[in-house]
Amino acid sequence: IRERFKPYYTRVWEMLHSRGARIFQQDTDGNVETVIDALLECGLTCIFPMEPAAGMDVVALRRKYGRRLAMSGGIDKHVLRQGKEAIRAELEYKMQPLMREGGMVFGLDHRIPNGTPLEAYRYYVDLGREILGLPPRTPERQGWRRMAF
């Protein structure tokens, strides 16, 4: 990464940053923990989807990197098929310690898995909204489209 990416990423980021860009985000599937330092040196400020199934733990990474690393995703999509208790445990573990700090866009680590009951997905969204202090869904404010709250 330092040899091949950094010269190009640095030029791109310097140009974009000079024009007011504040976020330089990279899609990084799998476990990329061993290369986060190199990506930060390249100018990246945010990575996603932060895959729990690959061992990416957004809480541990926040402790390690603080606000130097913004993250998106991080919620294990597989818990949606494991019941309400598993969904609650996942969201409370990840959202409660990180939501006050900023630098985190919560969402599933990828798309909703096939076979996910709609009721489980709605529970995930409603609980996520509650933890974040957002108003409940209404017919006018669905809030459960795609992956976000």
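Here we summarise the structure given alongside this text. Here the structure is a predicted model, which means the values were calculated and not measured. (Residues numbered from 1 in each chain as written. Predicted model: local features only at pLDDT ≥ 70, side-chain atom pairs only at ≥ 80, totals over all residues. Heavy atoms only, no water.)

What about unusual backbone geometry?
1) Next: For the bond from Phe48 to Pro49, the omega torsion is 10 degrees, close enough to zero to count as cis.
2) Next: One can find Pro49 in the loop between strand S2 (46-48) and helix H3 (58-65).
3) Next: With a phi angle near 55 degrees, Met50 is a residue other than glycine that sits in the positive phi range.
4) Next: Looking at the element boundaries, Met50 is found in the loop between S2 and H3. (Helix = DSSP H or I, 4+ residues; strand = E, 2+ residues; numbered from the N terminus.)

Quick look at the packing of aromatic side chains
Ring pairs (aromatic) are described by centroid distance and by the angle formed between their planes.
1) Next: This structure, assessed with the given rule, holds 4 aromatic pairs.
2) Next: The interplanar angle of 50 degrees and the centroid separation of 5.5 Å between the aromatic rings of Tyr9 and Phe24 together place this pair among those described as tilted. Of this pair, Tyr9 sits in helix H1 (residues 6-18) while Phe24 is found in the loop between H1 and strand S1 (25-27), placing the two residues 15 residues apart along the sequence.
3) Next: Under the relative-accessibility criterion, Tyr9 is labelled buried at 19%.
4) Next: Residue classification places Phe24 among the buried residues on the basis of a relative accessible area of 12%.
5) Next: Relative to Tyr124, the ring of Tyr121 lies with its centre 5.4 Å away and its plane at 45 degrees, an arrangement referred to as tilted. With Tyr121 and Tyr124 both in helix H5 (residues 118-132), this residue pair falls 3 residues apart, about one helical turn. (Phe/Tyr/Trp six-rings, centres within 6.5 Å; stacked < 30°, edge-to-face > 60°. Buried < 20%, exposed > 50% of the residue type's maximum accessible area, 1.4 Å probe, protein only.)

Some thoughts on H3
1) Next: Among the residues making up H3, those that are buried are Val58, Val59, Leu61, Arg62 and Tyr65. The buried residues of H3 occupy an angular sector of 165 degrees when the element is viewed end-on, so they sit on one face. Facing away from the buried side of H3 by over 90 degrees, the exposed positions are Arg63 and Lys64.
2) Next: Packed against the buried residues of H3 are helix H2 (36-41), strand S3 (70-75), helix H4 (84-98) and strand S4 (104-108).
3) Next: Sitting at the head of H3, Asp57 places a side-chain oxygen 2.9 Å from the backbone nitrogen of Val59.
4) Next: In the segment just after H3, Gly66 is the residue with positive phi, at about 60 degrees. (Arc of directions from axis to C-beta. Contact = heavy atoms within 4.5 Å. Polar contact = N/O pair within 3.5 Å; in protein donor to acceptor, adjacent residues only side chain to side chain.)

Some points on the side chain of Arg62
1) Next: Tracing the backbone shows Arg62 in helix H3.
2) Next: Leaving out residues up to four positions away in the same chain, Arg62 has contacts with Arg67, Leu69, Met71, Leu98, Glu101, Gly102, Gly103 and Met104.

Considerations on the pairing of S4
1) Next: The element S4 is largely enclosed, with a buried count of 4 among its 5 residues.
2) Next: As paired elements, S3 and S4 share 5 bridges and run parallel to each other. The residue of S4 that forms the bridge with Met71 is Met104. (Pairing = 2+ DSSP bridges.)

Digging into the sheet that holds S4
1) Next: Spatial ordering of the open sheet is given by S1-S2-S3-S4, a layout of 4 strands whose pairing is parallel. Of all strands in the sheet, those bounded by a partner on one side alone are S1 and S4. The sheet shows a mean angle of 20 degrees between the axes of neighbouring strands, taken without regard to direction. (Axes fitted to C-alpha atoms, helices over the stretch in contact; angles between N-to-C directions.)

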